[in-house]
Amino acid sequence: MGVAAFLLILRQQEDIPIKRRTRRYGHITLATAAAVAAFAVQALAQAGGGWLLLVPPPIPEKRALIKVYAANSEAEVRAAVDSLPDDEQIMLVAKVHKILTIPTAIARTEALLDVLYDTSAPLPTWRQIGSFDSAASCERQRQLALQSFEREAARVRSSSPDSEELSVEDWRVLQGLSVCRKSRCVRESAFFPQ
């Protein structure tokens with residue numbers, strides 16, 4: 001919208017009460033912001049020679065899964081899965097049961113974290129964590145991060161192999177490793193479809 005057109009709209013609306021005018025300007029501002037955002041995304045997609053490092057979103061039933069994992073009674077399990085369809089309830093409880101049979105807390109935590117992220121989700125729902133000029137530079141950074149998390153996870157595993165309690169820091173290291181393993185380098189044009 002050009003300045004002249006904007007001034008013309010202002011002159012035509014001088015007699016409109018202030019509340020209606022404010023509401024109308026709010027709608028115009030929102031529409032303009034939406035258009036600018038759409039053009040920016042489209043421009044990024046057309047420039048699209050770059051690469052993005054993406055991580056998957058959490059699974060839709062993440063909260064229910066964690067509640068089942070932490071449940072101390074059958075009633076808590078039922079309450080956690082109550083909102084899911086019957087077949088999903090059975091699959092989720094079976095998945096958590098399989099994880100809970102793993103003997104050590106560290107291995108259980110790693111198994112839990114591995115099922116919390118949805119690698120089959122559409123790419124536009126993934127979270128962007130880096131932007132690169134080439135596939136090689138993106139993959140190099142991904143591998144460096146993966147190696148770093150692998151080293152830290154090895155430290156966590158060896159520092160307290162039989163412990164039933166994980167510190168918040170250790171949990172974050174294992175979570176970072178899980179997410180990093182599932183990360184992908186993709187072309188910008190795949191993430192910002194036209």
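To be clear, the structure that these remarks concern was listed above.
Residues numbered from 1 in each chain as written. Predicted model: local features only at pLDDT ≥ 70, side-chain atom pairs only at ≥ 80, totals over all residues. Heavy atoms only, no water.

Undergrad: Honestly, the nonpolar core in this entry has me stumped. Any pointers?
TA: If you look at soluble globular proteins, the nonpolar side chains tend to sit buried side by side. Core analysis: the biggest nonpolar cluster contains 25 residues, and Leu65, Val68, Leu92, Leu116 and Leu174 have the highest contact counts within it. If you list the elements that add at least two residues to this core, you get α3 (62-70), α4 (74-81), α5 (86-100), α6 (105-115), α7 (135-159) and α8 (168-182). The element that contributes the greatest number of residues to this core is α8, accounting for 5 residues. Setting aside residues up to four positions removed in sequence, Leu174 forms contacts with Ile106, Thr109, Glu110, Leu113, Ala153, Val156 and Leu166. Ranked by size, the runner-up nonpolar core spans 8 residues in total, among them Leu52, Leu54, Leu123 and Trp126. (Core = buried A, V, L, I, M, F, W, Y, C linked by side-chain atoms within 4.5 Å. Buried < 20%, exposed > 50% of the residue type's maximum accessible area, 1.4 Å probe, protein only. Helix = DSSP H or I, 4+ residues; strand = E, 2+ residues; numbered from the N terminus. Contact = heavy atoms within 4.5 Å.)

Undergrad: Help me out: how do you make sense of the sheet that holds strand β1 (residues 51-55) in this one?
TA: Here we have 3 strands laid out as an open sheet, ordered β2-β1-β3, and antiparallel in their pairing. Across the chains shown, the open sheet's two edge strands, defined by having one partner strand only, are β2 (127-132) and β3 (184-187). Each neighbouring strand pair of the sheet contributes to a mean axis angle of 35°, computed without reference to strand direction. By the bridge criterion, 5 bridges tie β1 to β2 in an arrangement that is antiparallel. Bridging from a neighbouring strand, Leu53 pairs with Gly130 of β2. (Pairing = 2+ DSSP bridges. Axes fitted to C-alpha atoms, helices over the stretch in contact; angles between N-to-C directions.)

Interpretation note: all reported values are geometric properties and have no functional meaning in isolation.
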